[in-house]
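# Residue-level structural notes
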Amino acid sequence: MAFSILYFFLSFFAITVSVSSTVNNPKTFIVHVQHDAKPSIFPTHEHWYESVLISLSTDTHSLEPGGVVSENRIIHTYSNVFHGFSAKLLISDAKKLEALPGVLAVIPEQVRHVQTTRSPEFLGLTSTDSAGLLKESDFGSDLVIGVIDTGIWPERKSFNDHDLSPVPAKWKGECVAGKDFPATSCNRKLIGARYFSSGYEATNGKMNETVEHRSPRDSDGHGTHTASIAAGRYVFPASTLGYARGVAAGMAPKARLAAYKVCWASGCYDADILAAFDAAVADGVDVISFSVGGVVVPYNLDAIAIAAFAANDAGIFVSASAGNGGPGGLTVTNVAPWVTTVGAGTIDRDFPADVKLGNGKIVPGVSIYGGPSLSPHKLYPLIYAGSEGSDGYSSSLCLEGSLNPNDVHGKVVLCDRGVNSRAVKGEVVKKAGGIGMILANGVFDGEGLVADCHVLPATSVGASAGDEIRKYISTALKSKSPPTATILFRGTIVNVKPAPVVASFSARGPNPETPEILKPDVIAPGLNILAAWPDGVGPSGIPSDKRRTEFNILSGTSMACPHVSGLAALLKAAHPGWSPAAIRSALMTTAYTVDNRGQVMIDESTGNSSTVMDFGAGHVHPQNAMDPGLIYDLTSYDYVDFLCNSNYTTKNVQVVTRKYSDCSGAKRAGHAGNLNYPSLSAVFQQYGKHKLSTHFIRSVTNVGDPDSVFKVTVKPPRGMVVTVEPEKLAFRRVGQKLNFLVRVQAEAVKLSPGSSIVKSGSLVWSDGKHEVKSPIVVTMQEPL
């Protein structure tokens with residue numbers, strides 16, 4: 001792409017400016033400037049930026065056809081995550097910025113998208129515990145979680161401030177009023193709310209205020225849902241259309257919330273996201289929850305990675321969703337090592353809705369449907385949408401306008417998953433006169449099922465079940481006995497086994513940008529999660545759905561991320577001195593990889609055992625994370641060394657970290673895998689070598705008992721030799737740090753050119769009370 005280039009400059013300066021592939025069509029860029037490069041004649045950085053843009057606009061080369069001056073204007077200025085601004089520019093003007101002294105980088109804007117109540121109990125967090133993480137942290141009461149998302153619906157009971165103490169004195173944020181959102185919308189629970197729309201409008205024109213709120217109010221639902229997962233209060237009774245009845249609660253029920261609305265009808269724009277990060281750092285949040293994702297690019301081209309580094313540098317824990325691109329490999333996003341990347345697992349609750357076929361077979365499915373059901377004792381005519389209508393492809397997917405009412409009226413319709421949303425397919429069937437829908441996964445989706453709030457009786461089935469139903473329809477038609485079916489809605493069941501299971505949609509490793517850093521870091525509940533929902537949106541999320549519900553059930557790594565955000569707030573409250581890296585280390589080294597049957601967690605898409613590329617270190621275990629024994633800590637300078645060892649230039653490192661480094665010392669110290677991360681990942685390029693080896697240096701800090709001795713147990717990846725020196729770590733005090741060395745030796749394996757194989761093992765330090773576990777991952781590659 002013509003503008004996927006980051007223009008580097010001599011100093012630290014960040015500007016978001018809009019450009020495009022046609023010279024006369026301005027779009028948005030982010031430009032990074034050195035904070036001390038401002039000429040003294042300007043009283044503020046803003047005056048300097050405006051002067052730069054005026055000088056570009058008055059240059060005759062910036063004239064559009066007809067002599068019209070190009071529309072160079074500032075969208076946002078930034079002063080906390082870096083110094084700089086975002087603006088719309090012609091490409092010719094953007095190129096001129098290259099030559100300006102003080103400018104370090106000009107980054108093209110990306111557009112990102114959201115990654116769309118039993119989970120506290122499933123995680124072992126119950127309000128009746130006399131001890132444990134909730135009690136120890138006072139339910140997170142003085143911590144502030146900033147949720148960067150689609151806004152919030154402040155009236156929900158999940159955000160009430162009953163019995164909460166006054167707003168923490170450290171808080172510097174505000175409640176920005178807007179359309180249908182008075183300043184009184186905030187309280188002692190929702191202590192801050194802001195919205196950022198200038199970047200969105202710079203690209204799309206003025207927003208349509210009949211369908212969107214020019215305020216922090218949520219017109220989508222996603223932000224309300226994620227905020228209540230992180231920090232919703234206890235609410236009873238809670239359910240969605242009668243499903244998942246019980247008590248709803250977030251991870252940190254007393255933590256304070258600050259909502260930063262950056263996502264609009266057409267997506268979430270970097271210029272606005274950066275403004276939200278900038279505000280959150282200044283406001284004084286403790287945790288940032290970011291359930292938004294985009295493509296993976298080098299860190300110095302990734303505005304989110306740059307903003308998250310600055311937040312981490314300020315002591316703020318940043319958790320982000322891994323993405324919903326699974327079950328394929330190399331799909332994980334938000335992969336910077338200073339961000340905690342969260343994949344999605346299931347909980348032990350399900351919403352079965354089975355298909356009963358005319359041949360007597362029962363095919364399992366899932367659904368959340370609360371309206372009038374099909375009769376369980378009657379069979380209805382069944383058709384496959386792909387065999388009806390003129391265009392088999394669009395009709396198979398039940399796309400808008402693809403179904404012939406004469407073919408589907410009064411029938412149950414089998415639709416294939418893909419292209420349009422699952423709920424919209426049901427609306428298409430309903431409008432064409434169908435009375436029910438079976439939604440079948442494609443081959444790529446595998447057997448992973450997501451329960452949806454459908455607008456007609458409908459259920460979702462796996463890929464193999466879809467094949468079985470299509471085969472039944474075909475056989476029945478040939479035998480002159482018309483195919484029939486009904487859907488049996490079985491409500492809510494709990495204590496399901498196996499659980500957790502890695503959700504089919506959850507994005508997988510390896511890390512496309514840095515394979516030496518295992519991503520995702522952990523998984524958390526992300527399938528069929530009940531949480532708060534706005535009044536203005538039906539539970540299916542489609543405009544024609546006029547049903548209203550206080551809670552909704554959604555799935556996605558978007559739902560997993562705020563679980564970890566809330567847990568991070570609890571851990572920070574229980575351990576105020578812990579850094580963001582220490583909190584992540586506690587979550588990773590205490591994570592588990594077995595399900596409630598005692599077997600390795602399975603991969604929902606295949607039914608086979610899952611791997612470290614699916615779950616990272618494993619599934620979070622909050623109670624154990626409160627007392628992990630040892631932590632792998634990191635400072636901002638460790639990340640600088642990591643970037644140096646990842647072959648980033650000095651200027652690239654400055655773009656990300658705002659820190660100058662000549663990199664020579666870092667490169668003497670080792671390689672990218674030597675970042676003091678709780679997981680260990682080695683990549684061997686075989687190149688015809690027979691024997692391969694590498695080493696990792698790690699440092700652990702004692703956060704357990706003063707006098708404790710930890711002994712190591714290693715399970716090496718199959719066919720490899722792993723040694724640890726020393727094999728015993730004797731600590732005399734809390735806070736003491738000790739180092740150890742891990743050597744990994746492997747023998748080349750037969751691989752075809754361009755292919756690779758991944759093997760994993762583990763390293764555990766134990767003092768008899770704590771088990772501090774790290775995955776060991778070795779990737780063998782045969783280059784082309």
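Preceding this section is the structure that the text describes.
Counting restarts for each chain: residues are numbered from 1 in the order of the written sequence. A pLDDT threshold of at least 70 governs which residues receive local features in this predicted model, and a stricter bar of 80 or more applies before side-chain atom pairs are shown or counted, although totals over entire chains, interfaces and linings include all residues. For side-chain calculations, the full set of non-hydrogen atoms in the structure is used, while hydrogens and water are omitted.

Secondary structure is summarised from DSSP: a helix means a run of H or I of at least four residues, a strand means a run of E of at least two, and numbering begins at the N terminus for each. Looking only at helices and strands, one finds 19 helices and 41 strands in the protein chain. Restricting the calculation to C-alpha atoms gives the radius of gyration, and the globule rule supplies 2.2 Å times the number of residues raised to the power 0.38. Here the C-alpha atoms of the protein chain give a radius of gyration of 27 Å, agreeing with the 28 Å that 2.2 N^0.38 yields for 784 residues. Think of it in three bands: with a 1.4 Å probe and only protein chains considered, a residue is buried below 20% of the maximum accessible area for its type, exposed above 50%, and partly exposed in between. Each of the 784 residues in the protein chain was classed as buried or not, and the buried ones make up 61%. For accessible areas, the Shrake-Rupley method is used with a probe of radius 1.4 Å. Any residue's cover is judged against the shown protein chains and nothing else. When the accessible surface of the protein chain is split by element, carbon and sulfur atoms take 53% of a total near 28,700 Å². Taking the average location of the 69 positive side-chain charges in the protein chain and that of its 69 negative ones, the two points are 4 Å from each other. Asp and Glu count as negative and Lys and Arg as positive, but His and the ends of the chain are not part of the count. All charge positions are set by atom: Lys at NZ, Arg at CZ, Asp at CG, Glu at CD.

Okay, the sheet that holds strand E27 (residues 458–461) next. Here a strand pair is declared whenever DSSP counts at least two bridges between the two strands. Taken together, seven strands build an open sheet; the order of strands is E23-E22-E28-E24-E25-E26-E27 and the sheet is mixed. With one partner strand each, in any of the chains shown, strand E23 (362–363) and E27 form the two edges of the open sheet. Here strand E25 (residues 412–416) pairs with strand E26 (residues 436–440) via five bridges, running parallel. Its bridge partner being in E26, Val412 is matched across the sheet by Gly436. Throughout, a contact is declared for two residues whenever any of their heavy atoms are within 4.5 Å. For every element, the axis is a line fit to its C-alpha atoms; helices are fit only across the contacting stretch, and the angle between N-to-C directions ranges from 0 to 180 degrees. Packed onto the sheet, helix H11 (residues 422–431) meets E25 and E26 and runs at close to 145° relative to E26. Along the sheet, helix H12 (residues 463–478) contacts strand E22 (353–357), E23, strand E24 (380–384), E25, E26, E27 and strand E28 (484–489); its crossing angle with E24, the most-contacted strand, is approximately 110°.

Contact pair helix H7 (residues 270–283) / helix H8 (residues 303–313): the axes reach a minimum separation of 10 Å and the direction vectors enclose 0°. Between H7 and H8, the crossing angle belongs to the class labelled roughly parallel. Between H7, through Asp270, Ile273, Leu274, Phe277 and Val281, and H8, the contact on the second element is made entirely by Ala303, Ile304, Ala307, Ala308 and Ala311. Throughout this entry, Asp, Glu, Lys and Arg are counted as charged residues, while Ala, Val, Leu, Ile, Met, Phe, Trp, Tyr, Cys and Pro are counted as nonpolar. The remaining residues, Gly among them, count as polar. Looking at the contact of H7 with H8 residue by residue, the class counts come to nine nonpolar, no polar and one charged. Angles below 35 degrees are treated as roughly parallel, those above 145 as roughly antiparallel, those between 65 and 115 as roughly perpendicular, and all remaining angles as oblique.

Another aspect to go through is the pattern of salt bridges. Salt bridges are identified by distance alone: a Lys or Arg side-chain nitrogen within 4 Å of an Asp or Glu carboxyl oxygen. Counted under the stated rule, the structure contains 30 salt bridges. Within the structure, one salt-bridge network assembled from shared partners comprises Glu201, Lys206, Glu209 and Arg214.

A separate point is the nonpolar core. Remark: nonpolar core denotes a set of buried residues (Ala, Val, Leu, Ile, Met, Phe, Trp, Tyr, Cys) joined through side-chain atoms within 4.5 Å. Counting residues in hydrophobic clusters, the biggest one holds 118 residues, and the most contacted among them are Tyr260, Phe277, Tyr299 and Trp338. Ranked by the residues each element gives to this core, the list is headed by H8, at nine residues. In contact with Tyr260, other than residues within four places in its own chain, are Gly146, Val147, Ile148, Asp149, Trp171, Arg194, Phe196, Ala276, Ala279, Ala280, Asp283 and Val285. Counting residues in hydrophobic clusters, the runner-up holds 26 residues, among them Leu692, Phe696, Phe710 and Leu763.

Tracing the backbone shows Gly433 in the loop between H11 and E26. Taking relative accessible area as the criterion, Gly433 reaches 19% and is therefore assigned buried. Note: C-alpha distance between Gly433 and Leu403 (30 residues apart in sequence) is 9.5 Å. When sequence neighbours within four positions are dropped, the list of residues in contact with Gly433 reads Val408, His409 and Gly410.

Along an α-helix, residues three or four positions apart point the same way, because every turn accommodates 3.6 residues. Here helix H14 (residues 580–589) lies mainly inside the structure; ten of its ten residues are buried. Listed in full, the buried residues belonging to H14 are Pro580, Ala581, Ala582, Ile583, Arg584, Ser585, Ala586, Leu587, Met588 and Thr589.

Between two cysteines, a covalent bond joining their sulfur atoms is known as a disulfide. Two cysteine sulfur atoms make up a disulfide if the distance between them is within 2.5 Å. Taken as a whole, this structure holds four disulfides when the rule is applied. Disulfide partner of Cys175: Cys186, at an S-S distance of 2.0 Å. Negative torsions about the S-S bond denote left-handed disulfides, and the value of about 80° found for Cys175 with Cys186 makes this one right-handed. One end of the pair, Cys175, is in the loop between strand E10 (144–149) and strand E11 (190–195); the other, Cys186, is in the loop between E10 and E11, and eleven residues separate them in sequence. With a sulfur-sulfur separation of 2.0 Å, Cys644 is cross-linked through a disulfide to Cys663. The sign of the S-S torsion, about -75°, decides the handedness of the disulfide formed by Cys644 and Cys663: left-handed. Of the two residues, Cys644 is situated in helix H17 (residues 636–645) and Cys663 in the loop between helix H18 (650–657) and helix H19 (664–669); the sequence distance between them amounts to 19 residues. Per residue, the accessibility class of Cys644 equals that of Cys663, and both read buried.

Turning our eyes to something else, we now look at the packing of aromatic side chains. Between rings of Phe, Tyr and Trp, where Trp is taken as its six-membered ring, a pair exists when centres lie within 6.5 Å; planes separated by under 30 degrees are stacked, by over 60 edge-to-face, and by other angles tilted. Inspection of every chain in the model, using the stated rule, returns 17 aromatic pairs. Between the aromatic rings of Tyr78 and Phe82, the centroid separation amounts to 5.4 Å while the plane-to-plane angle is 80°, which identifies the pairing as edge-to-face. Each of the two residues, Tyr78 as well as Phe82, counts as buried. Ring plane angle 75° and centroid distance 5.5 Å describe the contact between Trp338 and Tyr639, whose orientation is recorded as edge-to-face. A residue pair is termed long-range when its members are at least 10 positions apart, and Trp338 in the loop between strand E19 (317–321) and strand E20 (340–345) and Tyr639 in helix H17 qualify at 301 residues. Its relative accessible area of 1% is what places Trp338 among the buried residues. One aromatic cluster in this structure is built from Tyr299, Phe309, Trp338, Tyr639, Phe642 and Tyr648. In this analysis the charged atom, NZ for Lys or CZ for Arg, is taken to sit over a ring once it is within 6 Å of the ring centre and within 35 degrees of the ring normal. The ring of Trp153 carries Arg217 above its face, with NZ or CZ at 4.4 Å from the centroid. Sitting over the ring of Tyr637, Lys659 keeps its end group 5.6 Å from the ring centre.

Moving on, we come to unusual backbone geometry. In this chain, Lys519 is followed by Pro520 through a cis amide linkage whose omega measures 0°. Looking at the secondary structure, you find Pro520 in the loop between strand E29 (493–494) and strand E30 (522–525). Across the junction of Glu725 and Pro726, the peptide omega takes the value -10°, indicating a cis bond. Along the chain, the position of Pro726 falls in the loop between strand E37 (721–725) and strand E38 (728–731). In this structure, Leu330 takes a positive phi of about 60° despite not being glycine. Relative to the helices and strands, Leu330 resides in the loop between E19 and E20.

Turning next to a nonpolar patch on the surface. Patch membership requires over 30% relative accessible area and the absence of a salt bridge. Like charges are linked within 9 Å, and nonpolar side chains (Val, Leu, Ile, Met, Phe, Trp, Tyr) within 5 Å. Nonpolar side chains collect at one region of the surface, where Tyr234, Phe236 and Val247 lie side by side and expose about 310 Å² of accessible area between them. Mapped onto the elements, Val247 comes out in strand E13 (residues 243–248).

Further remarks concern helix H6 (residues 222–231). Of all ten residues making up H6, ten are buried, and the element is well covered by its neighbours. Buried residues of H6: His222, Gly223, Thr224, His225, Thr226, Ala227, Ser228, Ile229, Ala230 and Ala231, and no others. Contacts from the buried residues of H6 go to strand E9 (111–114), E10, strand E14 (256–261), strand E31 (529–532), strand E32 (551–554) and helix H13 (557–574).

The topology assignment puts Val363 in strand E23. Put simply, Val363 and Gly462 are 99 residues apart on the chain and 9.4 Å apart in space, counted from C-alpha to C-alpha. In this structure, Val363 is in contact with Asp354, Val355, Leu357, Val461, Ala465, Glu468 and Ile469, ignoring residues within four places of it in sequence.

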